[in-house]
Amino acid sequence: MKLHAMGKKVIVIGSGFSSLSAACYLAKDGYDVTVYEKNEAVGGRAARLIKEGFTFDMGPSWYWMPDIFDKFFADFGKRTSDYYLLDKLSPAYKIFFSDDVITIGDTMDKICAEFERIEPGSSAQLRKFIAKAQRNYDIAINKVVLRPGLSPLELVTKETVMEVDQFFRTISSEVRKNFKNPKLISTLEFPVLFLGAKPSKTPSFYSFMNFADFGLGTWHPKGGMYEIIAGMKSLAEELGVTIHTNTAVDKILVEDRKTTGVSINGEDHLAEIVLSGADYRHSERLLDSEHRQYSETYWDKKTFAPSSLLFYVGFDKKLTNIEHHNLFFDTDFELHAQEIYDAPQWPTDPLFYANFPSVTDGSMAPKGCETGFFLVPIAPGLADTPQLRDQYFDIIMNRFELRTGQKVIKNIIFKESFCVNDFIDRYNSYKGNAYGMANTLAQTAFLRPNLKSKKVKNLFFTGQLTVPGPGVPPSLISGKLVSELIVKAN
Ligand SMILES: Cc1cc2nc3c(=O)[nH]c(=O)nc-3n(C[C@H](O)[C@H](O)[C@H](O)COP(=O)(O)OP(=O)(O)OC[C@H]3O[C@@H](n4cnc5c(N)ncnc54)[C@H](O)[C@@H]3O)c2cc1C
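Rules behind the numbers
- Position numbers for residues count from 1 along each chain, tracking the sequence in the order it is written.
- Given that the model is predicted, a residue must reach a pLDDT of at least 70 before its local features are reported, and side-chain atom pairs must reach 80 or more before they are shown or counted; all residues, however, enter totals for whole chains, interfaces and linings.
- Strands are treated as partners if at least two bridges between them are detected by DSSP.
- A helix here means a DSSP run of H or I that spans at least four residues, while a strand means a run of E at least two residues long, and both kinds are numbered starting from the N terminus.
- Between the N-to-C directions of two axes lies an angle of 0 to 180 degrees, each axis being a line fitted to C-alpha atoms and, for a helix, fitted only over the stretch in contact.
- Nearness is defined per residue: the C-beta atom, placed using the backbone, must lie within 6 Å of the molecule or strand.
- Side-chain classes follow a simple rule in which Ala, Val, Leu, Ile, Met, Phe, Trp, Tyr, Cys and Pro form the nonpolar group, Asp, Glu, Lys and Arg form the charged group, and the remainder, Gly included, forms the polar group.
- Between the buried cut of 20 or more and the exposed cut of 12 or fewer other C-beta atoms within 10 Å of a residue's own C-beta lies the partly exposed class, and all C-beta atoms are placed from the backbone.
- Boundaries of every domain are those given by an automatic assignment or by a domain database.
- In this description, any two residues whose backbone-derived C-beta atoms lie within 7 Å of each other are considered to be in contact.

Trainee: Can you help me understand the sheet that holds strand β16 (residues 352-355) in this one?
Mentor: Two orientations exist for strands paired in a sheet by backbone hydrogen bonds: parallel and antiparallel. The sheet built from 7 strands is open, its strands ordered β7-β6-β15-β16-β17-β14-β18 with mixed pairing. The outermost strands of the open sheet, each flanked by one partner alone, are β7 (101-104) and β18 (412-418). Averaged over all neighbouring strand pairs, the angle between strand axes comes to 20 degrees, with direction disregarded. Strand direction decides the pairing type here: strand β14 (residues 307-315) and strand β17 (residues 370-378), joined by 9 bridges, are antiparallel. What sits directly across from S307, in β17, is I378.

Trainee: Just to check I follow, could you spell out the site of the ligand for this structure?
Mentor: In the vicinity of the ligand lie 37 residues, with G14, G16, G44, P60 and G463 positioned nearest. Within the residue set of the shell around the ligand, elements represented by two or more residues are α1 (17-28), β14 and α16 (472-489). By residue number, the principal contributor to the shell around the ligand is α1, which donates 3 residues. Taken together, the residues of the shell around the ligand sort by class into 16 nonpolar, 18 polar and 3 charged.

Trainee: Is there a simple way to think about the pairing of β17 in this case?
Mentor: Sheet faces and side chains relate simply in a regular strand, where the side chains alternate between the two faces. The buried fraction of β17 is high, at 9 of 9 residues. One ladder, built from 3 bridges, connects β16 with β17; its direction is antiparallel. Paired with N355 across the bridge in β17 is F373.

Trainee: What am I meant to see in the domain arrangement of the chain here?
Mentor: Buried accessible area, meaning the area lost when the parts come together, often serves as the stated size of an interface. Partitioning the chain into structural domains gives domain 1 (3-46 + 223-301 + 437-489) and domain 2 (109-211). Placing the centre of domain 1 and that of domain 2 at their C-alpha centroids yields a distance of 30 Å. Each partner contributes to the interface: domain 1 provides 17 residues, whereas domain 2 provides 17 residues. Here the side of domain 1 that touches domain 2 is composed, by residue class, of 12 nonpolar, 4 polar and 1 charged.

Trainee: Is there a simple way to explain unusual backbone geometry in this structure?
Mentor: Residues other than glycine predominantly adopt negative phi, and peptide bonds predominantly adopt the trans conformation. Here S90 and P91 are connected by a cis peptide whose omega angle stands at 0 degrees. With a phi angle near 50 degrees, N265 is a residue other than glycine that sits in the positive phi range. Here K431, not a glycine, exhibits a phi torsion of approximately 55 degrees, which is positive. Examined against the element boundaries, K431 turns out to sit in the loop between α15 (420-427) and β19 (459-461). Take K431: there are 18 C-beta atoms within 10 Å of it, and that puts it in the partly exposed class.

Below, the structure written as structure tokens:
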């Protein structure tokens, strides 16, 4: 515990992964930490819906980069298994194409055999590609990502200088150089979709996501992703953090260009330090306009990660021909990407993702039933109406029946949907983005919105819109980075 931190009060806005992570680090460092969350439960985008015995993770469902979760808990002398149990999924996932299905196994040998089946000779290329992705992972995770994004010089390490060309080539060109089969190309481009931009706009250095995928594998916390949040909440409380839910912050207070706390329901709550893990643009709008760093034009020009149309569906029977994670890449990948990024509109023929956690975890659904989560990525800011939601539900259910060769529509006990309007209402999300601001070359590291306000002393930001970027593991890291900046400044 650092003596200088003793008693200093920090108010944290929001309780997503980044906020909870920062709250834990700051409490460990001796700060007096209070979290205010506008919703009824902690967790942010990683909310949980429990209905009629079905358990749904409403946001993230892919547990990737287990090393980052392990490091997080280890920083507090804990183990991940002190809070939740993990299973490595086997197979990791399945991809449905219009004329074939690719299964991604839980070892490189199994994945290589599948690549050989599709494109003879491709497994040797794949091993080379993944070896390079592993080198990138080591550089990214052990060197670059742990820097706070304050200066371009942070990106300059012995290792990145050697790899500088990888920041100017795209993952798309790198994959196409090595693989010819369109199905293998889509398989290898899928992981960078987590970064929120088109593969043709994402630097090839981000192939470390392919190592996360094929090298480290896909895991499932027993009971669902919300178990991670429950674990982090317990840890935060063990460390002395006070958490208030159903409490929205209305204003960040500033005096003499220094924050003095927040206002909630007309009442001032004083603190030496304020840290917001809410969406960055919303956080800045809690300030009077002269204290904001970024204009509306700034936000409007940025490439945001997609929004999503989501369905949480309870089925009264077990489904066949599916795995825990399933991607439906049976329509035109490029056209859908254009309709998200280049000419934003509701997709003509959408790709979608379907998650059935009850396939591997019986606790997620009543006996003999299946818990289904369906996700269609869409452009942020689209008009969102009940009619459109229904129309797309029919489209994807019909495709699902066709591709998996079974009837399921009559077995739906209930369905709930979540889309642009809900992202805005529930999370104060800019344009209803689902997972923040994309990691393109122009929006990487020091080019992202800052962890530290340049205008207001002791005001800090964390989360998927700032450094290092979208996703659960980056959000954990973001909380750590900002807590280090706070400690340094105080
Ligand atoms: C549908 C979906 C699927 C995803 N899939 C994956 C996946 O499989 N794997 C993965 O790694 N990542 C995934 N992600 C991304 C991941 O969930 C996010 O990157 C991460 O959860 C973001 O955490 P955060 O702390 O930045 O923000 P958030 O989780 O958004 O937390 C911000 C919090 O601030 C609160 N808040 C907002 N305004 C106020 C206010 N005025 N006062 C008080 N509180 C306020 C919000 O209610 C919210 O709880 C997915 C996201 C979505 C939406």
